[in-house]
Amino acid sequence: MTDLQKHLVVMARAPRLGTVKRRLARDIGTVGALRFYRGHTAGLLRDLSADPRWRLWLAVTPDSAALSGRGLWPFHGDLLPQGRGDLGRRMGRLFETLPPGPLVMIGSDIPGITRAHIGGAFKSLGAADWVFGPAEDGGYWLVGARRRPVVRPPFDGVRWSSAATLDDTLANLKDVRVALLDRLRDVDTGADLQLLRDQAAR
């Protein structure tokens, strides 16, 4: 695996008022939610794109934002549209079409993701076929694949944004080796944001 380029894909939504972190916006307002999302994503991209161990791709929705590049974040990497379909179809397309090499994919709005997490995910793909970072809500903040031999994405029939998301995905991977990383928490509500701020203050 070491002779192949490692690919890190960050899935992101264009930072537009009223379109990001909608559940959080119900608690703190659309401006506050946009400020949190824009600031956190900028910091994440700045940190992860500075690491020479992988090539960073920013996959953006809607496609028009990726094609124009306007109003997005400065970072060192490649920009591309996510394309059409539900989340599983969009992620699966990237696993199937990006250049050869192990690929790790994350969302852009999970606090706590570090270079060490990403490095650990790639390391785990030395022995595992797939790797996941479980989220507290039953989903996952990271998914990665060795992609050698050719991979078939395990996203068919997955109930997205539910407590069953990770379980549904793992059910499609019964015959392959899977590694699990640390469990992290998303910031979906005002209470989640307050908990994050309390932890940072300690």
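Right above here is the structure, for reference.
In this report, the structure presented in the accompanying data block is examined. (Residues numbered from 1 in each chain as written. Predicted model: local features only at pLDDT ≥ 70, side-chain atom pairs only at ≥ 80, totals over all residues. Heavy atoms only, no water.)

Considering the packing of aromatic side chains
If you walk through the whole model with that rule in mind, you get nine aromatic pairs. Look at phenylalanine 95 and phenylalanine 155: their rings are 6.1 Å apart centre to centre, the planes differ by 40°, and that puts the pair in the tilted class. You can see phenylalanine 95 sitting in helix α4 (residues 87-97) and its partner phenylalanine 155 sitting in the loop between β6 (140-145) and α6 (165-171), a full 60 residues away along the chain. A single burial state applies to phenylalanine 95 and to phenylalanine 155, both of which are buried. With a centroid separation of 6.4 Å and 65° between ring planes, the pair formed by tyrosine 140 and tryptophan 160 is classed as edge-to-face. Of the two residues, tyrosine 140 is situated in strand β6 and tryptophan 160 in the loop between β6 and α6; the sequence distance between them amounts to 20 residues. Joined through ring pairs, the aromatic side chains of Phe95, Trp130, Phe132, Tyr140, Phe155 and Trp160 make up one cluster. (Phe/Tyr/Trp six-rings, centres within 6.5 Å; stacked < 30°, edge-to-face > 60°. Helix = DSSP H or I, 4+ residues; strand = E, 2+ residues; numbered from the N terminus. Buried < 20%, exposed > 50% of the residue type's maximum accessible area, 1.4 Å probe, protein only.)

As for the sheet that holds strand β4 (residues 103-107)
Pairing is mixed across the open sheet formed by seven strands, whose spatial order is β3-β2-β1-β4-β6-β5-β7. Two strands close off the open sheet at either side, each with one partner strand: β3 (78-81) and β7 (178-180). On average, each strand axis in the sheet is tilted by 20° relative to the strand beside it, whichever way the strands run. Sheet topology places strand β1 (residues 7-13) next to β4; five bridges connect them, and they run parallel. (Pairing = 2+ DSSP bridges. Axes fitted to C-alpha atoms, helices over the stretch in contact; angles between N-to-C directions.)

Here we look at the environment of arginine 22
Along the chain, the position of arginine 22 falls in helix α1 (residues 22-28). According to the relative accessible area criterion, arginine 22 is exposed, its value standing at 54%. Placed 87 residues apart in sequence, arginine 22 and aspartate 109 show a C-alpha to C-alpha distance of 12 Å. At 3.4 Å, the side chain of arginine 22 forms a polar contact with the backbone oxygen of glycine 18. (Polar contact = N/O pair within 3.5 Å; in protein donor to acceptor, adjacent residues only side chain to side chain.)

A look at the pattern of salt bridges
Taken as a whole and assessed by the stated rule, the structure comprises 13 salt bridges. Between aspartate 188 and lysine 21 there is a salt bridge, with its nearest N and O atoms 3.5 Å apart. Placement of the pair is aspartate 188 in the loop between β7 and α7 (190-201) and lysine 21 in the loop between β1 and α1, with a sequence separation of 167 residues. Given the relative accessible area of 15%, aspartate 188 is considered buried. Between aspartate 129 and arginine 177 there is a salt bridge, with its nearest N and O atoms 3.4 Å apart. Of this pair, aspartate 129 sits in the loop between α5 (115-124) and β5 (130-134) while arginine 177 sits in the loop between α6 and β7, and the two are 48 residues apart along the sequence. In the salt-bridge network here, residues are joined through shared partners; they are Lys21, Arg23, Asp109, Asp186 and Asp188. (Salt bridge = Lys/Arg side-chain N within 4 Å of Asp/Glu carboxyl O.)

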